[in-house]
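Descriptive analysis of the structure
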Amino acid sequence: MDLYFIVFAIMAVGAGLFTITAKDALPSALGLLTVFIALSALYLHLHAPLIAIFQVSIYAGAILVLVVFVIMLLITPDEDLENVQKNMSYRILGAFLGSYLIAVLAIGTKGVKDLLHQQTLPDGFGHPALIGDMFFKQYLLHFEVASVLLLVALVAAIYLAKKNI
Amino acid sequence: MADWQIDLIKVVFIWVWALLIAVVMTWVERRASAMMQDRLGPNRAGPFGLLQPLADGIKLFTKEDIMPEKARKILFLLGPPLFALPAFSAYAVVPFGDKIVLGGKEIILQVSDVNIGFLYVLALGAIGVYGMVIGGWASNSKYSILGGLRATAQLISYEVPMGLALLTIVLLYGTFSLREMVLLQQGTFLGFLPNWGIFKQPLGFIIFLVAAYAEANRVPFDLPECESELVTGYHTEYGSMNLGLYLFGEYVNLGTLAAITVSLFFGGWTLPYVDMSKFLGPVAYGVASFMVFFIKQAFFLFLFVWVRWTVPRFRYDQLMGLGWKALIPLGLVNLFVTALLVQLTI
């Protein structure tokens, strides 16, 4: 275990805890921002600079900005979220979603035994060109399925937002 | 000199350079606006009023730091640094010159030549908006919140066309490294034009420039500040050096955007038709390449001022309409045509 990993791992976990315990909505979103940045630093450490940058520019730079936009549109600093937090149905829903995520994580532990023996990185690992190559040759189907999924979401959003198309 | 010493010198140089540009720009802005409006502008402190930024700085530093009673204290103080720091950090990947040979050692005039350089700039530009949002929200004032709200919506809307315009550039050069992009812009295009990005991507350049103005919150897109509606928007409640950091960060941002524009579309430190390295010594060449870059950057910095005092402000719905209905479709068409051309010529 090296120091770099420990520092950013603690930062990510700590900020994650803050995200789910914060009283106000915006500080909670900022906690999530910290998680993203810590994760990005960890990706850098794993020799994946492109993923690290995407983590910042897409998750922190676009998706979270959208979340912050909604928070600022709907909640003023004076308002508190206690009535939302005390609502039992939200809690039950959260418990279900949380246990689902934990289950996914548990499946991920199947790969733990790969971590035990050290592996050498292939040549040019993490280079943008190589990732593009993999996307369009080895994982083309996955890539296209993901883009169709996004397209469906886009069409659905427009359908919901517009009354008469 | 050891490598880390050279790196340290480069980092310090970049900081000082970014700061100097920001300081001088406040003066240029006021003098140029005065010139355009047939006034004199600040001309009392020093020759041509050149010491005016210094006087302003002293004023900002010595003013009382007032915080609204109902503000969120920690977030209120966090806002300005969060806005200014990403702006400074973006300079790290700007190639501000070719290379200089000192004491038999070849030094690249760029703090760090990473192969994702240009995505890094985009990412930091997106992070900068949190400074405005936090400042606006923590102030607990309706003007500030509206300013922050507008900043987020504007950033999301204009990131897309900017990304699309930059994607065409990536398609064209086949790399993310800003240094390699500049090196690929040497020589001539079609036999007589300089081999610059703007001649290969005129539409991409226009889209990028418009989006850059929106990202930097400059007139005609300075809706988050918008004096006539929101007092001064997200930094309404700020005073003293906290306000100074916001104003400063904006000029540093302009410097970065100008530098990126030069590197992507105007050949960076290279001169058209002339290869400076042929007839200049190694040290003189390094300095000359930096000067060329700086002159190009200075032009775009002045363009920011020029546009600000020439064009009126957009209305907010017009701003959104321009982003989503004009720039994004144009960007998509441009991307498609470029991809087709690149595919056909390879």
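Quantities reported herein were computed from a predicted structural model and do not represent experimental measurements.

1. With respect to the overall build of chain A
- Of regular secondary structure, chain A possesses eight helices and zero strands.
- Tracing chain A from N to C terminus, the helices and strands come up as α-α-α-α-α-α-α-α.
- Its C-alpha atoms give chain A a radius of gyration of 20 Å, clearly above 15 Å, the size a compact globule of 165 residues would have.
- Along the first, second and third principal axes, the C-alpha atoms of chain A reach 55 × 45 × 30 Å.
- In chain A, which comprises 165 residues, the proportion classed as buried is 16%.
- For chain A, the proportion of contacts with a sequence separation of at least 24, taken over those separated by at least 6, is 52%.

2. Digging into the overall build of chain B
- When its secondary structure is counted, chain B shows 13 helices and four strands.
- Taking 2.2 N^0.38 as the reference for a compact globule, 346 residues should give roughly 20 Å; the C-alpha atoms of chain B span a radius of gyration of 21 Å, in line with that estimate.
- Taken along its principal axes, the extent of the C-alpha atoms in chain B is 60 × 50 × 45 Å.
- Expressed as a percentage of its 346 residues, the buried residues of chain B come to 46%.
- In chain B, the proportion of contacts linking residues at least 24 apart, taken out of those at least 6 apart, comes to 78%.

3. Some words on the nonpolar core
- In terms of nonpolar packing, the biggest core is built from 113 residues, with A:Leu33, A:Phe36, B:Tyr120, B:Ala123, B:Val133 and B:Ala211 touching the most fellow members.
- Excluding residues within four positions of it along the chain, B:Tyr120 makes contact with A:Ile53, B:Val93 and B:Val114.

4. Focus on helix H2 (residues 25-45) of chain A
- In a regular helix each residue adds 1.5 Å, so 21 residues correspond to 30 Å; H2(A) covers 31 Å between its end C-alpha atoms and thus fits that length.
- At the exit of H2(A) stands A:His47, carrying a positive phi of roughly 60°.

5. Describing the domain arrangement of chain A
Residue and element names in this part refer to chain A.
- Taken domain by domain, chain A holds domain 1 (3-115) and domain 2 (124-165).
- Spacing between the C-alpha centres of domain 1 and domain 2 amounts to 22 Å.
- Listed as interface residues are four residues of domain 1 and, on the opposing side, four residues of domain 2.

6. Things to note about the interface of chain B and chain A
- Contacts between chain B and chain A engage 24 residues on the former and 19 residues on the latter.
- Every element with two or more residues in the side of chain B that touches chain A is listed here: helix H4 (117-127), helix H5 (129-138) and helix H6 (142-173) of chain B.
- Per-element accounting of the side of chain B that touches chain A gives the leading share, eight residues, to H6(B).
- Residue composition of the side of chain B that touches chain A, grouped by class: 18 nonpolar, four polar and two charged.

7. Comments concerning the confidence of the model for chain B
- Of the residues in chain B, 99% reach a pLDDT of 70 or more, and the chain-wide mean stands at 81.
- In the predicted assembly, ipTM is 0.76 and pTM is 0.83.

8. Some points on helix H11 (residues 240-265) of chain B
Residue and element names in this part refer to chain B.
- End to end, H11 covers 38 Å across 26 residues, agreeing with the expected 38 Å (1.5 Å per residue, within 8%).
- Counting buried positions along H11 gives 21 out of 26 residues, so the element sits mostly inside the fold.
- Looking at the residues trailing H11, positive phi occurs at glycine 267, about 75°.

9. Remarks on the environment of B:Val219
Residues and elements named next belong to chain B.
- Along the polypeptide, valine 219 turns up in the loop between helix H9 (202-215) and helix H10 (227-230).
- Exposure remark for valine 219: the 19 C-beta atoms within 10 Å place this residue in the partly exposed category.
- In this structure valine 219 touches Val307, Arg308, Val311 and Arg313, once residues within four positions along its chain are discounted.

10. Regarding the environment of B:Met25
Residue and element names in this part refer to chain B.
- Of note, methionine 25 is situated in helix H1 (residues 3-36).
- Residue class for methionine 25 comes out buried when judged on the 24 C-beta atoms lying within 10 Å of it.
- Remark: the alpha-carbon pair of methionine 25 and phenylalanine 248, spanning 223 residues in sequence, is separated by 9.5 Å.
- Not counting chain neighbours up to four residues away, the residues in contact with methionine 25 comprise Tyr251, Leu254 and Leu301.

11. Re unusual backbone geometry
- Even without a glycine there, the phi angle at B:Asp38 is positive, about 60°.
- One can find B:Asp38 in the loop between H1 and helix H2 (52-62).

12. Some words on the packing of helix H1 (residues 3-21) of chain A against H2(A)
Residues and elements named next belong to chain A.
- One can describe the packing of H1 onto H2 by two numbers: an axis separation of 8 Å at closest approach and a directional angle of 160°. For the element pair H1 / H2, the angle class is roughly antiparallel. Two packed elements cross with a definite hand, and for H1 against H2 that hand is left-handed. Seen from H1, the contacting residues are Tyr4, Phe5, Phe8, Met11, Ala12, Ala15, Gly16, Phe18 and Thr19; seen from H2, they are Ser28, Gly31, Leu32, Thr34, Val35, Ala38, Leu39, Ala41, Leu42 and His45.
- Partitioned by chemical class, the residues of the contact of H1 with H2 number 13 nonpolar, six polar and no charged.

13. Some points on the environment of B:Phe189
- Following the sequence through the fold, B:Phe189 ends up in strand S3 (residues 188-189).
- For B:Phe189, the contacting residues outside a window of four places in its chain are B:Pro194, B:Asn195, B:Phe199 and B:Lys200.

14. Description of the packing of H6(B) against H9(B)
Residue and element names in this part refer to chain B.
- Contact geometry for H6 and H9: axes closest at 8 Å, N-to-C directions at 150°. Classed by the angle they form, the pair H6 and H9 counts as roughly antiparallel. The chirality of how H6 crosses H9 is left-handed. Mapping the contact onto sequence places Gln154, Leu155, Tyr158, Pro161, Met162, Ala165, Leu166, Thr168 and Ile169 in H6 and Gly204, Ile207, Phe208, Ala211, Ala212, Ala214 and Glu215 in H9.
- For the contact of H6 with H9, the per-class residue count stands at twelve nonpolar, three polar and one charged.

15. So, the confidence of the model for chain A
- Taken residue by residue, chain A gives an average pLDDT of 82. The fraction at 70 or more is 90%.
- Model confidence for chain A, summarised as mean pLDDT per element, is weakest for helix H4 (residues 82-85) of chain A at 64 and strongest for helix H8 (residues 140-161) of chain A at 90.

Rules used throughout
Residues numbered from 1 in each chain as written. Chains lettered and ligands numbered in written order. Predicted model: local features only at pLDDT ≥ 70, side-chain atom pairs only at ≥ 80, totals over all residues. Helix = DSSP H or I, 4+ residues; strand = E, 2+ residues; numbered from the N terminus. Rg over C-alpha atoms; globule rule 2.2 N^0.38 Å. Buried ≥ 20, exposed ≤ 12 C-beta atoms within 10 Å, placed from the backbone. Contact = placed C-beta atoms within 7 Å. Core = buried A, V, L, I, M, F, W, Y, C linked by C-beta atoms within 7 Å. Expected span 1.5 Å × (residues − 1). Domains from an automatic or database assignment. Nonpolar A, V, L, I, M, F, W, Y, C, P; charged D, E, K, R; others polar. pLDDT = per-residue confidence, 0-100. Axes fitted to C-alpha atoms, helices over the stretch in contact; angles between N-to-C directions. Parallel < 35°, antiparallel > 145°, perpendicular 65-115°, else oblique. Left-handed = near helix turned anticlockwise from the far one by under 90°.

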